[in-house]
Amino acid sequence: MEPRIVPISAFKDNYVWTLRNERHAAVVDPGEARPVLEYLAREKLELAAILATHHHPDHVGGIAELVRHYRVPVFGPKNEPIATLTHPVSEGDRISVPELAMQFEVLDIPGHTRAHIAYYGAGALFCGDTLFACGCGRLFEGTAEQMFASLSKLAALPDDTQVYCGHEYTLANIGFAKAVEPGNRALDAREERDRRLRDAGKPTLPSTLADEKATNPFLRCREPAVIESANKYLGARVADPVRVFAAIRDWKNRF
Ligand code: ZN
Ligand code: FE
């Protein structure tokens with residue numbers, strides 16, 4: 001049976017994406033252990049692996065407690081300070097979770113943090129705090145150039161890729177996207193759909209890369225409307241997509 005992917009909520013708006021079959025589960029970015037342990041107990045599942053995308057505590061804070069209960073491999077970025085990793089990985093590495101018959105490719109996507117990674121496999125992308133639904137992560141340790149290149153790398157994956165991000169930020173992100181691209185009708189449709197999901201208490205994720213390319217301003221830095229809004233924000237004329245990206249990232253920080 002194909003593994004299912006389910007969200008476990010953590011903190012206010014984090015998702016611990018959980019891949020599971022009848023007997024085993026692997027978790028991505030367990031910032032908290034308690035909700036994961038509760039889920040595993042309730043579903044009578046055994047933990048098989050932990051995958052981390054970057055070193056921030058809301059993504060790795062639960063690992064130490066989880067490995068006290070389950071001795072499992074802990075995959076994560078080679079060049080970030082995560083004491084609990086057993087398998088440091090970077091671009092080009094492949095990881096497998098035999099209990100779930102799943103394999104993932106590791107992609108380097110720096111920008112939010114210095115060595116942030118993504119896991120891509122079986123049409124699913126786990127991208128932590130780099131690509132969000134209709135948004136992107138803040139530049140804490142990387143440059144606009146790095147983040148733009150990382151987002152471009154993700155955008156080059158197939159359109160039907162399912163995008164599993166680390167946080168439920170979608171509605172706020174759509175609000176900002178509408179300020180950047182007021183004429184983008186796909187944004188209105190997305191807002192209506194995602195508002196309905198939130199009203200029903202459901203996640204707006206996964207999204208698809210096709211949706212992101214149609215609505216996410218950070219993937220649309222070559223669109224005339226996005227360039228125009230970036231120029232208005234800057235009070236200067238720029239067309240280079242990296243500078244457009246840097247402008248709207250800065251704008252979003254103040255939005
Ligand atoms: Zn983060
Ligand atoms: Fe986070």
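That block above? That's the structure.
Fair warning: this is a prediction, and the values are worked out from it, not measured in the lab. (Residues numbered from 1 in each chain as written. Chains lettered and ligands numbered in written order. Predicted model: local features only at pLDDT ≥ 70, side-chain atom pairs only at ≥ 80, totals over all residues. Heavy atoms only, no water.)

1. What to know about the nonpolar core
Side chains that are nonpolar tend, in soluble globular proteins, to be buried together.
Point 1. One finds Phe104, Tyr119, Phe126, Cys127, Leu154, Phe245 and Ile248 to be the most contacted residues of the largest nonpolar core, which totals 55 residues.
Point 2. Per-element accounting of this core gives the leading share, 6 residues, to helix H9 (residues 241-254).
Point 3. Filtering out sequence-adjacent residues up to four positions away, Phe245 remains in contact with Cys136, Ala144, Met147, Phe148, Leu151, Phe218 and Cys221.
Point 4. By size, the runner-up hydrophobic cluster in this structure holds 23 residues, among which are Leu37, Val60, Leu66 and Leu85. (Core = buried A, V, L, I, M, F, W, Y, C linked by side-chain atoms within 4.5 Å. Buried < 20%, exposed > 50% of the residue type's maximum accessible area, 1.4 Å probe, protein only. Helix = DSSP H or I, 4+ residues; strand = E, 2+ residues; numbered from the N terminus. Contact = heavy atoms within 4.5 Å.)

2. Quick look at the layout of surface pockets
Point 1. Here the largest pocket is characterised by a volume of approximately 260 Å³.
Point 2. In this structure, the largest pocket is lined by 14 residues; those nearest its centre are Phe132, Cys136, Gly137, Arg138 and Tyr169.
Point 3. Of all the elements in the fold, those that place two or more residues in the lining of the largest pocket are helix H5 (170-180) and H9.
Point 4. Classifying every residue of the lining of the largest pocket gives 5 nonpolar, 4 polar and 5 charged. (1 Å grid on protein atoms, 1.4 Å probe; cavity = no way out; pocket = protein on both sides within 12 Å on 5 of 7 lines; lining within 4 Å. Points joined across faces, edges and corners; volume = space filled by probe spheres on them. Nonpolar A, V, L, I, M, F, W, Y, C, P; charged D, E, K, R; others polar.)

3. A short note on empty space enclosed by the protein
Point 1. Summed over the entire model, instances satisfying the criterion amount to 1 cavity of 30 Å³ or more.
Point 2. Lining the largest cavity, in full, are Trp17, Val28, Asp29, Thr53, Phe126, Cys127, Gly128, Tyr164, Cys165 and Gly166.
Point 3. Residues of the lining of the largest cavity, tallied by class, amount to 6 nonpolar, 3 polar and 1 charged.

4. Quick look at the coordination of the zinc ion (ligand 1)
Reference values for angles at a metal are 109.5 degrees in the four-donor tetrahedral case and 90 or 180 degrees in the six-donor octahedral case.
Point 1. Note on the zinc ion (ligand 1): its protein donors are His54 (NE2), His56 (ND1), His112 (NE2) and Asp129 (OD). The metal-donor distances range over 2.2 to 2.3 Å.
Point 2. Coordination at the zinc ion (ligand 1) is irregular: its 4 donor atoms span angles of 85 to 170° at the metal. (Donors = N, O, S within 2.8 Å, 3.2 Å for Na, K, Ca; no water. Tetrahedral: all angles 85-135°; square planar, octahedral: opposite > 155°, others 65-115°.)

5. Re the coordination of the iron ion (ligand 2)
Point 1. For the iron ion (ligand 2), the protein coordination sphere consists of Asp58 (OD), His59 (NE2), Asp129 (OD) and His167 (NE2), at 2.1 to 2.3 Å.
Point 2. Taken together, the 4 donor atoms coordinating the iron ion (ligand 2) span angles of 85 to 167° at the metal, a pattern that classifies the geometry as irregular.
Point 3. Look at where the donors of the iron ion (ligand 2) fall in the sequence and you get D-H-x69-D-x37-H.

6. A word on the pairing of strand E5 (residues 74-77)
Point 1. Pairing geometry for strand E4 (residues 46-51) and E5, over 2 bridges, is parallel. By the bridge assignment, Ile50 is partnered in E5 with Val74.
Point 2. Bridge count between E5 and strand E6 (residues 87-89): 3 bridges; the pairing is parallel. Counted as the bridge partner of Pro77 is Val89 from E6. (Pairing = 2+ DSSP bridges.)

7. Quick notes on the environment of Thr215
Point 1. Assignment of secondary structure puts Thr215 in helix H7 (residues 209-215).
Point 2. Within the structure, the side chain of Thr215 is placed 2.7 Å from the backbone oxygen of Asp211, a separation counted as a polar contact. (Polar contact = N/O pair within 3.5 Å; in protein donor to acceptor, adjacent residues only side chain to side chain.)

8. Considerations on the side chain of Arg20
Point 1. As for its position among the elements, Arg20 is in strand E2 (residues 14-20).
Point 2. A residue is classified by how much of its surface remains accessible, and Arg20, at 7% relative accessible area, is buried.
Point 3. Within the structure, the side chain of Arg20 is placed 3.1 Å from the side chain of Tyr39, a separation counted as a polar contact.
Point 4. If we ignore the near neighbours within four places in the chain, the residues touching Arg20 are Pro3, Arg4, Val6, Ala25, Tyr39, Glu43, Leu45 and Leu100.

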